[in-house]
Amino acid sequence: MKKIILTTSLFIVLAAVIQSCTKDLNLKPTNDTTSDNVYATPAGYKQVLGKVYGAFALTGNQGPAGNGDVQGIDEGFSDFFRLFWKAQELSTDEAVISWGDVGIQDFHNMNWTSNNSFLTGLYYRSLYQITLCNDFIRECSDAKLGERGISGADAENIKQYAREARFLRAFQYWVLIDLYGNPPFVTENTVIGGPPPPRGTRSEVFNYIETELKAIEPSMPAAHANEYGRADKAACWALLARLYLNAKVYTGTDKYTDAITYSKKVIDAGFTLTSNYRWLMLADNDKNWGPTGEFIFTINYDGLKTTGYGGTTFLTHAPVGGSMPASTFGISGGWSGTRVTKNLPGVFTDITGATDKRAQFYTAGQNLEISNVTVFTDGLAVTKYKNVRRDSIIVNNVKVPAPGQSQDFSDIDMPLFRLAEMYLIYAEAVLRGGTGGSTTTALDYVNLLRTRAYTNASGNISSSELTLDFILDERARELYWEGFRRTDLIRYNKFVEGTYLWPWKGGVASGTGVPAYRTLYPIPSRDINANLNLIQNQGY
Amino acid sequence: MSCKNLLKAVVLSALLSITQLLHAQDRVISGKVTDSKDGSVLAGVNVIPKGIKGGTQTAADGSFRITVGPSVTTLVFSSVGFNVQEVIIGQRTNVDVAMSTNASSLNEVVVIGYGTRMKKDLTGSVTAITSKDFNKGAITTPEQLIAGKVAGVQVVSNGGAPGSGSTIRIRGGASLNASNSPLIVIDGVSVDNGGIAGTANALAMINPNDIESFNILKDASATAIYGSRASNGVIIITTKKGSSGKMRFNFSTLYSLSTLPKEADVLTPAEFRAYVNAHGTPAQIAIMGNANTNWQDEVYGNASTTDNNLSMSGTYKKLPYRVSIGYLNQDGILTTGNLQRTSGSITLNPKLFDDHLKIDVNLKGSITKSRFADEGAIGTAVRFDPTQSVMTKSNRFGGYFEWLDPSSTTGLRKLAPLNPVGLLEQRTDKSKSQRSIGNIQFDYKLHFFPDLHVNLNLGYDVSKGQGTVFVPDSAASSYKRSPDAKHGGVNNRYLQKKSNSLLETYLNYTKDIKSISSKIDAIAGYSYQDFSTTNYFGELNPNGVLTDASGAKWNPYSDYATDGYLISSPTFRTDKQQNRLISFFGRLNYTFKGKYLLTGTIRRDGSSRFSEEHRWGWFPSGAFAWRMKEENFLKNVNVLSDLKLRIGYGVTGQQDGIANYGYIPRYTQANAQAQYQFGNNFYTLYRPEGYNPNLKWEQTATTNIGLDYGFLNGRISGSVDFYVKKTTDLLSVIDQPAGTNFSNKILANIGNMENRGVEFTLNMQPVKSKDLLWDFGFNITYNKNEITKLTFANDPKFPGNLVGGIAGGVGSTVQIHSVGFPKSSFYVYQQVYDESGKPIENLFEDRNRDGQINVDDLYRYKAPDPDVFMGVNSNVKWKKWTAGFSLRGSFGNYMYNNRFSNTGVQRNIIDPLGFLANGSRNLLETNFTGNGDKYLLSDYYVENASFVRMDYINVGYNFGAFAGKSTNLRIGANVQNVFIVTKYKGLDPEVFGGIDNNFYPRPRIFALNVNLDF
């Protein structure tokens, strides 16, 4: 009897266990959450908007590193502005780097390939940000807001968030057409996990950016009416102005008149130059933003709360080496990486900075000539970015600039657009034959920059000196190391040509021209391989 | 009732029922066992009541004494080298047996998935290694017991740190991004391979002395019963069981001394001075010191290990039991490292209801206390300037010499190597890990239908690891490390818990149908397994509340400075990771005329890691074996004692080693250091994660053809196996078309890979006489791995997926997965050499002839996995002496010498960053400056790392009885890691993965042991 009971009970237990457990395979993560939870409240929308913007400043979900957004590249390298800066500066006369990370010297040698990890990283970073924007825009649709019961002022705010996401997407598409030409084209209608997207030609994407910016611009907040760090009307105009200045390169058709129109809109919106040029790139440079400030749109970094190894942290650490005292730069130590070729000091009449304050070079122990790119002391160093504040503190009875919050991560915000560029766009577009502006105004604008640089009118120029070549040099003096140089040289036909050389251009000490196809970077072979709709740029 | 509670209830009630149902009806049988040839007594003969688990062994004088139940009618006597003998006992209480010799092992019982088989009845490729064949010496982790013993199985230790585990590969590994480790089943519980926080590896918590056998299942017909986790083979570990008779004790003690076999070859202080004087700037020459320090001498030292084990086994009334306790105390040769493991196990194997119900209870537990040495010191000991002394006169940084920079806020030179002695002595990284594995297994033979067994197995594997890391705020390694540079040091604690529960049940039907000369053995079963891991960022007090050391509530933050200042915080207080597997399985063995054997298995597995549409997978296999020796045409060929052909095919799956929730769209929250600022407010961010709703099983189809042979009555035996493993739908991380997912790389099922190979095993007894017995074993394996598909498209310019990060250039990789090549092939530039054979720096072959050197000139050169590996074992027994060795060889494996490439360049010695560093003497051969971004990827640094290693040599003496008949005393001496023959120029040619950089050196170990039975 006992045995039968045992046997029977055993079977009953087994049957019960099997019954209850086959449905147990639906497990959910404990800490992660779903889109319905995230977007249940307006506050949740703003947190995702934070990521849509924050992807410009951060490399991942864990500051400073450890949970990156972009795979297949060292996370510290995967920062947007660090990669953008390398692609725009290291390939030109404005910067050299001493490091041996695989592929980085290709920029100087101008022999990059479709497998270059920095070019691959920038491409994926840019498209990652576009994908974030697309997803967010999708979640901001009227239908979704209706489903979630969000209405009234909350709904209006969220629709404004969506317009800003469209601006950021347009910005990243500008990056892609400027550097890579013909990117994959995705919008909020692209399905996540869906088929490979179509290729967008440079002209098509140019038109898309223009259309998008013009569509959102009327509803955007007025200049400086939005929160610091968020886009407004002026940001849309500034991007349009930059796009139009380079339209001939992108589409074959010039749009200088439009460049004048939109740069003028920005200039007339109440912006003024920061009084001291050397305050532009300091730890408290958020002071350059405001109703009458110079900054139009910035990437916001914070030494404690927005941390990573890219952006202005890179720009403050990489240029410090040799005999440069790290504490002067508000950092615990430099990375001994970036310097300039002699062409950049060459555009200044006085490199000491005594007259033109924009000349910020460190010369002690540094050689002007570069006999070896990978030696830090070859090439002058640049002191433009410092993680210190305008104000001073007393240390050991000596007055020194107050350091930023962290010695390891920079507080400096990076302006993607500032007023000085708009002045220079206006002047160049006028000189290139755009209508609606005047050379007198152009001269005034350029002299505003020079008056600030010289702290008086001694550096001002006359109308006869205002030439296109002068503008290119003035752009170098005013905007060097801010990520403009490659685009500028291409517009002036000086990037690949043998007519304009700098040390180590094309991997040769005296410089050499390279084939014209290198004005575009290659589409990374990884994406060519994953997306059969793409076509590799000619030459690669 | 949840599954977990249900399991608990079942386990509890089952445990209760055993104790109730025990009652004694035993009798005692004693006797003596002799050799039929000369009448000498035989010690160590297994005496086992037929049909029952457990048993005893004869003592040194050949006597045995066993307690058996009334159902036992037959005793089975077995011993290596002798024919198994079954003796019907009738009413006798005294049974004397004379055994005849036979070297054949065909009647050995081999443990397979969900059951056992006689070796002769196997259809699949299975190798059994029992304790008598285990490797000898100071072995602290189980897998080292079988290193080099089994064809097709590589066991590569992960380094010389105490308790560090090994990487095990069976037939090359079937996956790219999912796990390549075999499934390990300990006494019926398939365990979590992942380890626990605070231990070096999962198996390290099992005491090797408790292990009776390893059974390695290699081909699909053997492994497919484990379905979705079987692609990389299965290792079944069985622990020792209780014996019959009165209580017997075994005590073993071992003392060993570990020494550093070889130091990394760096510049001597004199060479260093000369080099800096010749190449340095005046400033660099000026910063040299006056000392002559061998930094490697400073960080390494001889280390002792003691290992004591006591076990007792016997039968109490009707309950066979074995209880053991072990204590291991092991120092590392890198000073400050230590591991202390206390382990215990209890095994109970009662049989009830006239042996209709067999119950096996296995409980194992261990507590491991570790202090981890800062292994960063291995690298800095190689690199630290030999002209500096260890200590300075300053009290700063604990008095240790460090590179200074007065202009930096910490006073330390940024990016300079840190004093290795300081690293070791200033870091206290301690952990305590507890683990328990246990199961209770019921096997019930139905009273009304004895051909049918019901088997129920309930198991668990729980572990808890917790630890503290303390570094004083004076230490250079974390000086003023807080973002505001005001707080330094480390004062952290961590806790992790894992729990793995298992329920398995199956029905087993066996029938011998004599009328049609057929035997049937069939099973059908169900398995449920749950794995969960929880990380806590704090410590739990007895009430389950997270607290700090003082008992106050601990913040849910994880990284603190010494003074308690919060440096960074994880987003959540805890994180729980969980996955489940549910399976249905069946197997049919059919034997016709005792010589035609057929096996078919099927398993259906469901995994919580996949969406409902892709969740379930079928894993079938079939095999046929032909015992040719039983055919008439071979029956009378006396020289041939065995010949069996095996052919098998099966499909297995793999889903281990991937994320738990990869198919679910989800958002994750960023931490406090990754916020973003709008206006004056900082926002915590939500990030959408990349996901793949179409994730599914990867599948490996294995074909195996094998031949088992035996000659001269089994004195020569072995097998040859040919196999092809084709993995399809590889779980590999691939590029997503940009713009279509939230991650540019996603785990997806794309790609195919193949492993092909041949295994050959030979076991022989070249000499066999009364006094002298020589056992010799040899195995060799050839394996070729090739990736056959990797992407949807095949752009010729797409080289493959880069892997294998190296030191020297941030983000640089030296290996690649490419179609048409072995996985992780080296991807390098082809070095150009001058007439004297010296490499010319930064001069590489322009392989694509386009006039420039760039990544398009990289090529695939060799791979880290060997083409051929082998093992040689020998054991000689002469009277009371034994002596043996084990030797392993590996051929065709290449290694990237990262220590040469990273430290053997001028730029490393006279660093432009304002400090000096020592480096590899390889510098004097190449004179490389280290400028440029390509020299790191030169094929010059990829070296042939083929080797032959003498794993151990041992000698032992058996004193026999020393205090009464049933006692036995053995002593042994042993040298491990005796020598290595290789062309490789680095320290050790055996580094798993093929990149050698700062590998913890494997010590040479001298051990003495004493083993006592009483």
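Residues numbered from 1 in each chain as written. Chains lettered and ligands numbered in written order. Predicted model: local features only at pLDDT ≥ 70, side-chain atom pairs only at ≥ 80, totals over all residues. Heavy atoms only, no water.

Describe the overall build of chain B, with residues and values.
A count of helical and extended segments in chain B gives 11 helices and 60 strands. Its C-alpha atoms give chain B principal-axis dimensions of about 95 × 65 × 60 Å. Put simply, chain B has 1014 residues, and 58% of those count as buried. A sequence separation of at least 24 residues applies to 69% of the contacts in chain B between residues at least 6 apart. (Helix = DSSP H or I, 4+ residues; strand = E, 2+ residues; numbered from the N terminus. Buried < 20%, exposed > 50% of the residue type's maximum accessible area, 1.4 Å probe, protein only. Contact = heavy atoms within 4.5 Å.)

So what's going on with the overall build of chain A? Residues and values would help.
Counting its regular elements, chain A contains 19 helices and 8 strands. Relative to the compact-globule value of 24 Å for 540 residues, chain A shows a C-alpha radius of gyration of 26 Å, a close match. Taken across its 540 residues, chain A has 64% of its residues classed as buried. Summarising the internal contacts of chain A: among those between residues at least 6 apart in sequence, 67% fall at separations of at least 24. Here chain A displays about 17000 Å² of accessible surface, and carbon together with sulfur accounts for 53% of that area. Taken together, the 51 basic and 54 acidic charged side chains of chain A have centroids lying 2 Å from each other. (Rg over C-alpha atoms; globule rule 2.2 N^0.38 Å. Areas by Shrake-Rupley, 256 points an atom, 1.4 Å probe, with all protein chains shown as cover. Lys, Arg positive; Asp, Glu negative; His and termini not counted. Charge placed at Lys NZ, Arg CZ, Asp CG, Glu CD.)

Got a sec to walk through the interface of chain B and chain A? Specific residues and values, please.
Taken together, the contacts link 102 residues of chain B with 119 residues of chain A. Three residues, Tyr667(B), Tyr676(B) and Arg687(B), lead the burial of chain B against chain A; their summed loss comes to 9% of the area buried on that side. Along the contact surface separating chain B from chain A lie 4 salt bridges. Salt-bridge contacts for Lys934(B) lead to Asp106(A); the nearest nitrogen and oxygen are separated by 3.9 Å. Where chain B packs against chain A, one counts 31 residue pairs in polar contact (both at pLDDT 80 or more). Looking at the side of chain B that touches chain A, the element that brings in the most residues is strand E31 (residues 574-592) of chain B, giving 9 residues. The residue inventory of the side of chain B that touches chain A, partitioned by class, reads 49 nonpolar, 34 polar and 19 charged. (Buried area = accessible area lost by both parts, 1.4 Å probe. Salt bridge = Lys/Arg side-chain N within 4 Å of Asp/Glu carboxyl O. Polar contact = N/O pair within 3.5 Å; in protein donor to acceptor, adjacent residues only side chain to side chain. Nonpolar A, V, L, I, M, F, W, Y, C, P; charged D, E, K, R; others polar.)

Quick one: what's the story with helix H3 (residues 42-54) of chain A, residue by residue and with numbers?
An α-helical turn contains 3.6 residues, so any two residues separated by three or four positions project in the same direction. With 13 residues, H3(A) extends 18 Å from end C-alpha to end C-alpha; this agrees with the ideal 18 Å at 1.5 Å per step. For H3(A), the set of buried residues is Gly44(A), Tyr45(A), Lys46(A), Gln47(A), Val48(A), Leu49(A), Gly50(A), Lys51(A), Val52(A), Tyr53(A) and Gly54(A). (Expected span 1.5 Å × (residues − 1).)

I'd love a proper account of the packing of aromatic side chains, names of residues and values included.
All names here are of chain A. In this structure the tally under the stated criterion is 75 aromatic pairs over all chains. Here phenylalanine 107 and tryptophan 112 contribute two aromatic rings whose centre-to-centre distance is 6.2 Å and whose plane-to-plane angle is 45°, an arrangement assigned as tilted. Overall, the relative accessible area of 1% leaves tryptophan 112 in the buried class. Measuring from ring centre to ring centre gives 5.9 Å for phenylalanine 171 and phenylalanine 417, while their planes differ by 80°; the resulting arrangement is edge-to-face. Of this pair, phenylalanine 171 sits in helix H8 (residues 152-179) while phenylalanine 417 sits in strand E8 (residues 414-418), placing them 246 residues apart in sequence. By relative accessible area, which is 0% here, phenylalanine 417 ends up buried. One aromatic cluster in this structure is built from Phe77, Phe107, Trp112, Phe118, Tyr123, Tyr124, Tyr180 and Tyr521. Arginine 242 extends its terminal NZ or CZ atom over the ring of tryptophan 174, reaching a point 4.9 Å from the ring centre. (Phe/Tyr/Trp six-rings, centres within 6.5 Å; stacked < 30°, edge-to-face > 60°. Lys NZ or Arg CZ within 6 Å of the ring centre and 35° of its normal.)

Explain the nonpolar core to me, and be specific about the residues and the numbers.
All names here are of chain A. If you look at the biggest cluster of nonpolar residues, it comprises 165 residues, and the most contacted ones within it are Phe81, Phe136, Phe167, Ile299, Phe417 and Met422. By residue number, the principal contributor to this core is H8, which donates 15 residues. Residues within four places of phenylalanine 417 in sequence aside, it is in contact with Phe167, Phe171, Ala238, Leu239, Arg242, Phe295, Ile296, Phe297 and Met422. (Core = buried A, V, L, I, M, F, W, Y, C linked by side-chain atoms within 4.5 Å.)

Report on the pairing of strand E47 (residues 825-828) of chain B, specifying residues and quantitative values.
Within a regular strand, the side chains alternate between the two sheet faces. Residue and element names in this part refer to chain B. Of the two faces of E47, both are covered, the one formed by Ser825 and Tyr827 as well as the one formed by Phe826 and Val828. Two strands pair when backbone bridges link them, and strand E46 (residues 813-817) and E47 are joined in this way by 2 bridges, in the antiparallel orientation. By the bridge assignment, glutamine 815 is partnered in E47 with phenylalanine 826. Here 2 bridges tie E47 to strand E50 (residues 859-860), and the two strands are oriented antiparallel to one another. (Pairing = 2+ DSSP bridges.)

So what about the environment of Lys464(B)? Which residues, and what values?
Tracing the backbone through its elements, the reader meets Lys464(B) in strand E24 (residues 452-471). Take Lys464(B): its relative accessible area is 29%, and that puts it in the partly exposed class.

An account of the state of the cysteines is needed here, citing residue identities and associated values.
Residue and element names in this part refer to chain A. By the definition in use, this model includes 0 disulfides over all chains. Summary of cysteine pairing: cysteine 140 is not part of a disulfide, and the nearest cysteine sulfur, belonging to cysteine 133, is at 11 Å. Note on cysteine 140: relative accessible area 5%, which makes it buried. (Disulfide = S-S within 2.5 Å.)

Quick rundown of the pattern of salt bridges? Include the residues and the values.
In the structure shown here, the tally under the stated rule is 78 salt bridges over all chains. Between Asp178(A) and Arg486(A) there is a salt bridge, with the nearest N and O atoms lying 2.9 Å from each other. Of this pair, Asp178(A) sits in helix H8 while Arg486(A) sits in helix H18 (residues 485-491), placing them 308 residues apart in sequence. Per residue, the accessibility class of Asp178(A) equals that of Arg486(A), and both read buried. One salt bridge connects Asp988(B) with Arg1002(B), and the closest N-O pair in it is separated by 2.9 Å. Here Arg1002(B) lies in the loop between strand E59 (995-996) and strand E60 (1004-1013) and Asp988(B) lies in the loop between strand E58 (968-982) and E59, a separation of 14 residues in the sequence. By relative accessible area, Asp988(B) is classed as buried at 8%. We classify Arg1002(B) as buried; its relative accessible area is 9%. In the salt-bridge network here, residues are joined through shared partners; they are Glu294(A), Asp356(A), Arg358(A), Lys384(A), Arg418(A), Arg450(A), Arg452(A), Glu474(A), Arg477(A), Glu478(A) and Glu482(A).

Lay out the side chain of Glu474(A) in plain terms, naming residues and giving numbers.
Following the sequence through the fold, Glu474(A) ends up in helix H17 (residues 468-479). Assessed through its relative accessible area of 0%, Glu474(A) is described here as buried.

Explain H8(A) residue by residue, including any values.
Residue and element names in this part refer to chain A. Counted at 1.5 Å a residue, the expected span for H8 with its 28 residues is 40 Å, and the 41 Å between its end C-alpha atoms agrees. Among the 28 residues of H8, 21 are classified as buried, and the element is accordingly described as predominantly covered. One or two positions beyond H8, positive phi appears at glycine 181, with a value near 85°.

Before we move on, can you summarise the sheet that holds strand E7 (residues 97-99) of chain B with the specific residues and values?
The strands making up a sheet are joined through hydrogen bonds of the backbone, oriented either antiparallel or parallel. All names here are of chain B. Read from one edge of the open sheet, 3 strands run E4-E1-E7, paired in mixed fashion. Edge positions in the sheet fall to strand E4 (63-68) and E7, since each has one partner strand and no second. Each adjacent strand pair in this sheet contributes to an overall mean axis angle of 35°, direction not counted. Pairing analysis gives 6 bridges linking strand E1 (residues 27-35) to E4, with the strands arranged antiparallel. The partner of valine 28 across the bridge, within E4, is threonine 67. (Axes fitted to C-alpha atoms, helices over the stretch in contact; angles between N-to-C directions.)

Explain the confidence of the model for chain B to me, using residue names and the numbers behind them.
All names here are of chain B. Here chain B shows a mean pLDDT of 86. Residues at 70 or above account for 92%. Of all secondary-structure elements in chain B, the lowest mean pLDDT belongs to strand E27 (residues 539-540), at 47, while strand E56 (residues 942-944) reaches the highest, 97. Between residues 14-24, whose pLDDT stays under 50, and residues either more than four places distant or in other chains, the model counts 17 contacts. Below pLDDT 50 for its whole length, residues 548-552 participates in 7 contacts with residues either more than four positions away or in separate chains. (pLDDT = per-residue confidence, 0-100.)

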